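Residues per chain, in single letters:
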Amino acid sequence: MEKTFDAKNLNGTHVIRVLDILEETMADGPGLRTSIYCAGCLHHCPGCHNPQSWDMNGGHEMSIDEIMDIIISDEFSNVSFSGGDPFYQVEAFTELARRIKEETDKTIWCWTGFTYEEIIADKRLAAMLPYLDVLVDGPFIMEKKDPELLFRGSSNQRIIYLNGKQEVPIEGTVPLKPVK
Amino acid sequence: MVKSVIKRDGRIVEFDKKKIIDAVTKAMDVTDEGEDIVLAAEIAAAIAKISKESMSVEDIQDHVEMELMNSPRKEVAKKYIAYRNQRNLARKAKSREIFKEIIEAQATDITRENANMNADTPAGMMMKFASESTKSFVDECLLSEDVKEAVQGAYIHIHDKDYYPTKSLTCVQHPLDRILKNGFFAGHGESRPAKRIETASILGCISMETVQNEMHGGQAIPAFDFYMAPFVRKAFKEEIDKISEITGEDYSALKDVQLDDYIKRDLLGIQGNDRVIQHAVNMTVSRVHQSMEAFVHNMNSIHSRGGNQVVFSSINYGTDTSAEGRCVIREILNTTYEGVGNGSTAIFPIQIWKKKRGVSYLPEDRNYDLYRFACKVSARRFFPNFINLDAPFNHHEQWNAEDPKRYEYECATMGCRTRVFENRFGPKTSIGRGNLSFTTINIVRLAIECMNEPDRNDRIQKFFHRLDWALDITAKQLCERFNFQKTALKKQFPLLMGALWNGSENLEENDTIESVINQGTLGIGFIGLAEALIALIGKHHGESDEAQELGLRIVTYMRDKANEYSEKFKHNFSVIATPAEGLSGRFTRFDRKKFGILPGITDKEYYTNSNHVPVYYKCTPKHKAEIEAPYHDLTRGGHIFYVEIDGDATHNPEAIMAIVDLMDRYNIGYGSVNHNRNRCMDCGYENADENLEECPHCHGRNIDKLQRITGYLVGTTGRWNNAKLAELHDRVVHK
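Rules behind the numbers
- Each chain has its residues counted from 1, running along the sequence as written.
- For naming, the first written chain is A and the first written ligand is 1, with later ones following in the order written.
- Residue-level local features of this predicted model are given only where pLDDT is at least 70; pairs of side-chain atoms are given and counted only at 80 or more, and the full residue set underlies all totals for whole chains, interfaces and linings.
- Strands are runs of DSSP state E lasting at least two residues, helices are runs of H or I lasting at least four, and both sets are numbered from the N terminus onward.
- Residue burial here comes from a neighbour count, namely the number of other C-beta atoms, placed from the backbone, that lie within 10 Å of the residue's own C-beta, with 20 or more meaning buried, 12 or fewer meaning exposed, and in between meaning partly exposed.
- A pair of residues counts as a contact when their C-beta atoms, built from backbone coordinates, are separated by no more than 7 Å.
- For two strands to count as paired, DSSP must find a minimum of two bridges between them.
- To get an axis, fit a line to the C-alpha atoms, keeping to the stretch in contact for a helix; angles then go from 0 to 180 degrees between the N-to-C directions.
- The crossover handedness rule: strands pointing away from the viewer, path from first strand over the helix to second strand clockwise, crossover right-handed.
- The length a helix should cover is 1.5 Å for every residue beyond the first.
- A residue's pLDDT is the confidence the predictor assigns to it, expressed on a 0 to 100 scale.
- In this classification, the charged set is Asp, Glu, Lys and Arg, the nonpolar set is Ala, Val, Leu, Ile, Met, Phe, Trp, Tyr, Cys and Pro, and all remaining amino acids, among them Gly, are polar.
- Per the annotation, domain bounds derive from an automatic or database assignment of domains.
- When the near helix sits turned anticlockwise from the far one by under a right angle, the crossing is termed left-handed; a clockwise turn instead gives a right-handed crossing.
- In what follows, roughly perpendicular refers to angles from 65 to 115 degrees, roughly parallel to angles under 35, roughly antiparallel to angles over 145, and oblique to any angle outside these ranges.
- Think of a nonpolar core as buried Ala, Val, Leu, Ile, Met, Phe, Trp, Tyr and Cys residues chained together by C-beta atoms that fall within 7 Å.

### A look at the overall build of chain B
Alright, step 1. Scanning chain B from N- to C-terminus turns up 22 helices and 20 strands.
Alright, step 2. Every one of the 735 residues in chain B was classed for burial, and the buried ones make up 48%.
Alright, step 3. For chain B, restricting intrachain contacts to residue pairs at least 6 apart in sequence, the fraction spanning at least 24 positions comes to 71%.

Set out below in structure tokens:
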């Protein structure tokens, strides 16, 4: 498994390399969402629709506090993690997800190029799962591309409900037992 | 002694020597010898002495010519005669040019004025010819001088001016229950009280289609679910009767059984009375569904409005919590979702969901499930829009959740946004009333004219001064039109004044409508607040707190003046955030011609709709809501909040719900969500891509792009006028 990228600023609280934050978007999951696009991905899937996001040093640093401010002020939205691959900054995103769960009622959808199986096999990566509501997993595979799919690009990718609560029936989704 | 003059339209006005003097000196001005006021006065005096009480304009002009020929200044006579001929020719030539344009089916703004009208068909063309004729007649003969100047100066725009001579009113909310219960006489056909759901829904169409020909604006049904509900139960009872007849058993006791909902279910495993009931329910639901389909299909295709137009129709629903009402709501939503024809989006009727806490919005509300469904339908089909009955200004003290007729206290809107609720001269309700006419002020021009003031405060002072003038002129014009409209006879509007308009039941055939039309509203509209603010302080209200403060000040001022006029002139004046369509390019063109290209103001083809944040300005839906919401309270004549969303909301109805939550939080009165809807005309594939040229499914290139314009949907943007197309290109998605 590739090295994950983990940055700490001098104070010890985590920072995230962010490409962009979209507020009140409806393209990244149900309802309106605050979408955090992080910089950095090493999967390099052929046909990726956002290769600018691969650069591990791209974007700019933002502290968790700053990001939380934006999330909280975007009242009518839940949250989405995307990019890039948030799991390449897993400690920072885990911290962010934990705070979101503690301080708000918002749900979190997270996109990743890792598969669910790869994640639960790795202790560091699995640490984020308890704080996520939905994981959209798997690399983008061009041969399996299907524009009719919701919220994902190729048919190998899955929408996985992690806490057993399926709020809205979405075709092709996979409900799993809650992760302990 | 000549006392009065008969104008070309038949009006009688006072004889005024000054007019003759002016005309003669004008002719003198273009001769070498120049003016001779004394001679002009003598000629005027000579004509005044003619021993006739009244003379026609033509007669007077004849006499002037004669006097000039008999005077030492014969060359003036020549100029006078030439000028007279020129004017006659110009009057005819102008029509000729316009008529030619219509005939050659050119894509000019004349043929593109209204997005839902097909002006290329014979009926459409006849309408245009008539329209252009009446407009010039109104200009020349029906408007007072100062009003005419304000119109020609592009300061104000009188809406539906072509209908002015007919004395028509704008729009009405149909009290369909009265018609369904009592039947009506529609001029050439009579209708008995309705007995079946099929008839009831068609009568809804007929009512709107008939009255459309008696009015110049839209038609709406304020409580569609409540009105149709009794017929659902009637259908159920008929179905029980049929079963009794077929089986020979007597099931009549089941006719009044209590039902929570009308839901189709398979009969497998159901026995006895339950089976009878379920079968009757299944048949009822099918019949209601078919009736709703017929209703939508009818409103979407019958061109009953003059000029080959479909009726501008709207229906409001959502608050009937009875099982029957819910069945109506469910089936109208199902029909809409399925689409007309091969699954295309129906452009009419505009549908409006009545959102009300405790009834049709919160998760614990009875109609919450239907509200969710409505959002899903809206994501795909643009409708329903949402009227927020929880906004404080939409409350009604007499509304009571137990009242079976509570819809009379629920505000209803026209699809385009026109709102009629408050009433100084009768009961506060939306039903059985409507707008009488509205006129829009070009506040951008008023602002531009103040731009030469270097000091900001002076500039703003001057603007309010000019606004005062424009408001006074508008109020005067609306009153003048009212005074003309009130002379219409009841028999000129047979169905409107026969069965719909409040109080009309007391009128005799040959009475004028004067005693009842004061129930209606007079609308003072405005366009381009954003551009006006840029002209005054360099920024629009979406991007600057200061501009927002000034914007609110301006519209508050207009609202306060409207209230003053209501007191003074004894009418229901209100401010309306004008739905600008044909108008949105006209003012800009005139202003650009006079003032040149002013950045941010006249450098585009259109002015921003009323108090909206400019479509090109990127901001989140929340920010837009914060900015626009306070204006809704000030514009009781009508307002709307639009959000452009990024992408296909079809599978994301939560996004629509989040927008409604936004409306709820900020007390927005009426709102809707815009998005693209592309449809491949070959295979039926639909999506929401921004610039779809080729179908991803069948690779055809025959794509119909559906978009919303001023509240109405139009496909194939080729039918939009230039200004609206320009605005469409600028529309930015709100994220």
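### Observations concerning the overall build of chain A
Alright, step 1. Within chain A, the regular secondary structure consists of four helices and eight strands.
Alright, step 2. Tracing chain A from N to C terminus, the helices and strands come up as β-β-β-α-β-α-β-α-α-β-β-β.
Alright, step 3. Across the 180 residues of chain A, 42% fall into the buried class.
Alright, step 4. A fraction of 61% describes how many contacts in chain A between residues 6 or more apart in sequence connect residues 24 or more apart.

### Notes on the sheet that holds strand β4 (residues 156-158) of chain B
All names here are of chain B.
Alright, step 1. The strand order across the open sheet built from four strands is β4-β12-β13-β14, with neighbouring strands paired in mixed fashion. With partners counted over all chains shown, the strands left at the sheet margins are β4 and β14 (572-577), one partner each. For this sheet, the mean inter-axis angle between neighbouring strands, taken without regard to orientation, is 25 degrees.
Alright, step 2. In this sheet, strand β13 (residues 521-527) lies alongside strand β12 (residues 435-442) in parallel orientation, the contact comprising seven bridges.

### Regarding the pairing of strand β10 (residues 350-355) of chain B
Residue and element names in this part refer to chain B.
Alright, step 1. Within β10, six of the six residues are buried, leaving the element largely enclosed by the surrounding structure.
Alright, step 2. The two faces of β10 match: Ile 350, Ile 352 and Lys 354 on one face and Gln 351, Trp 353 and Lys 355 on the other face are all buried.
Alright, step 3. Taken together, the four bridges between strand β9 (residues 313-317) and β10 define a ladder with parallel strand orientation. Within β10, the position partnered with Ile 315 by the bridge is Gln 351.
Alright, step 4. Read as a crossover between parallel neighbours, the route from β9 over helix α11 (residues 323-338) to β10 is right-handed.
Alright, step 5. The sheet contact formed by β10 and strand β11 (residues 385-388) spans four bridges and is parallel. When the sheet's bridge partners are listed, Ile 352 is paired in β11 with Asn 385.

### A word on helix α18 (residues 545-569) of chain B
Residues and elements named next belong to chain B.
Alright, step 1. If you check α18, its first and last C-alpha atoms are 36 Å apart, about what 25 residues at 1.5 Å a residue would give, namely 36 Å.
Alright, step 2. Turning to α18, its buried residues are Ala 547, Gln 548, Leu 550, Gly 551, Ile 554, Val 555, Met 558, Arg 559, Ala 562 and Tyr 565.
Alright, step 3. Among the structural elements, α14 (456-485), β13, α17 (529-537), β14 and α20 (621-634) are those in contact with the buried residues of α18.
Alright, step 4. Taken from the residues just after α18, Lys 570 is the one with a positive phi, measuring 60 degrees.

### Side note on the sheet that holds strand β3 (residues 54-56) of chain B
Sheets are built from strands that pair by backbone hydrogen bonding, the pairs being arranged parallel or antiparallel.
Residues and elements named next belong to chain B.
Alright, step 1. Strand order in the open sheet formed by three strands is β2-β1-β3, with mixed pairing between adjacent strands. This sheet does not close on itself; its edge strands, each paired only once, are β2 (12-14) and β3. Direction aside, neighbouring strands of the sheet carry axes that sit 30 degrees apart on average.
Alright, step 2. As defined by bridge partners, strand β1 (residues 4-6) adjoins β2 across three bridges and the pair is classed as antiparallel. Each residue of the ladder has a partner; that of Ile 6, found in β2, is Ile 12.
Alright, step 3. Sheet strands touched by helix α3 (residues 57-69): β1 and β3. Its angle to β3, the strand with the most contacts, is close to 85 degrees.

### Details of the confidence of the model for chain B
One rule of thumb: low pLDDT means the predicted coordinates there are not for detailed reading.
Alright, step 1. Per-chain confidence: chain B averages 88 in pLDDT, with 90% of residues scoring 70 or above.
Alright, step 2. Scored as a complex, the prediction yields pTM 0.82 and ipTM 0.73.

### A few points about the interface of chain A and chain B
Alright, step 1. Every contact between the two is made by 13 residues of chain A and, on the other side, 17 residues of chain B.
Alright, step 2. Of the residues that constitute the side of chain A that touches chain B, the class distribution is nine nonpolar, two polar and two charged.

### Quick look at the domain arrangement of chain B
All names here are of chain B.
Alright, step 1. Here the domain parsing of chain B yields domain 1 (4-142), domain 2 (145-170 + 435-618) and domain 3 (172-380 + 401-409).
Alright, step 2. Listed as interface residues are 14 residues of domain 2 and, on the opposing side, 15 residues of domain 3.
Alright, step 3. If one sorts the elements of the side of domain 2 that touches domain 3 by residue count, helix α15 (residues 496-500) sits on top with four residues.
Alright, step 4. Residues of the side of domain 2 that touches domain 3, tallied by class, amount to nine nonpolar, four polar and one charged.

### What about the packing of helix α6 (residues 145-152) of chain B against α14 of chain B?
The description of two packed helices rests on the angle between their axes and on the distance between the axes.
All names here are of chain B.
Alright, step 1. Interaxial distance between α6 and α14 falls to 10 Å at its minimum, and their mutual angle equals 115 degrees. Both α6 and α14 take part in a crossing whose hand is left-handed. Packed against α6, whose contacting residues are Asp 146, Val 147 and Ala 150, the element α14 presents Ile 473, Lys 476, Gln 477 and Glu 480 at the interface.
Alright, step 2. Classifying every residue of the contact of α6 with α14 gives three nonpolar, one polar and three charged.

### Thoughts on the packing of helix α1 (residues 64-73) of chain A against helix α2 (residues 90-103) of chain A
Residues and elements named next belong to chain A.
Alright, step 1. Interaxial distance between α1 and α2 falls to 11 Å at its minimum, and their mutual angle equals 40 degrees. When the axes of α1 and α2 are compared, the pair comes out oblique. Relative to α2, the crossing made by α1 is right-handed. Listed contacts from α2 to Ile 64, Ile 67, Met 68 and Ile 71 of α1 are Ala 92, Glu 95, Leu 96, Arg 99 and Ile 100.
Alright, step 2. Considered class by class, the residues forming the contact of α1 with α2 number seven nonpolar, no polar and two charged.

### Topic: the environment of Phe 295 of chain B
Residue and element names in this part refer to chain B.
Alright, step 1. The residue Phe 295 is located in helix α10 (residues 272-301) in this model.
Alright, step 2. A residue is classified by how many C-beta atoms lie within 10 Å of it, and Phe 295, with 25 of them, is buried.
Alright, step 3. Between the C-alpha atom of Phe 295 and that of Lys 476, which follows or precedes it by 181 residues, the distance is 41 Å.
Alright, step 4. Excluding residues within four positions of it along the chain, Phe 295 makes contact with Ser 201, Gly 204 and Cys 205.

### Quick look at the nonpolar core
Alright, step 1. Ranked by internal contacts, the top residues of the largest apolar core, which has 165 residues, are Val 232 and Ala 447 of chain B.
Alright, step 2. Each of domain 2 (145-170 + 435-618) and domain 3 (172-380 + 401-409) of chain B accounts for three or more of the residues forming this core.
Alright, step 3. Once residues within four sequence positions are removed from consideration, Ala 447 of chain B is found in contact with Phe 463, Ala 532, Ala 535 and Leu 536 of chain B.
Alright, step 4. Core analysis: the next-biggest nonpolar cluster, separate from the first, contains 38 residues, Tyr 37, Phe 81, Ala 92 and Ile 119 of chain A among them.

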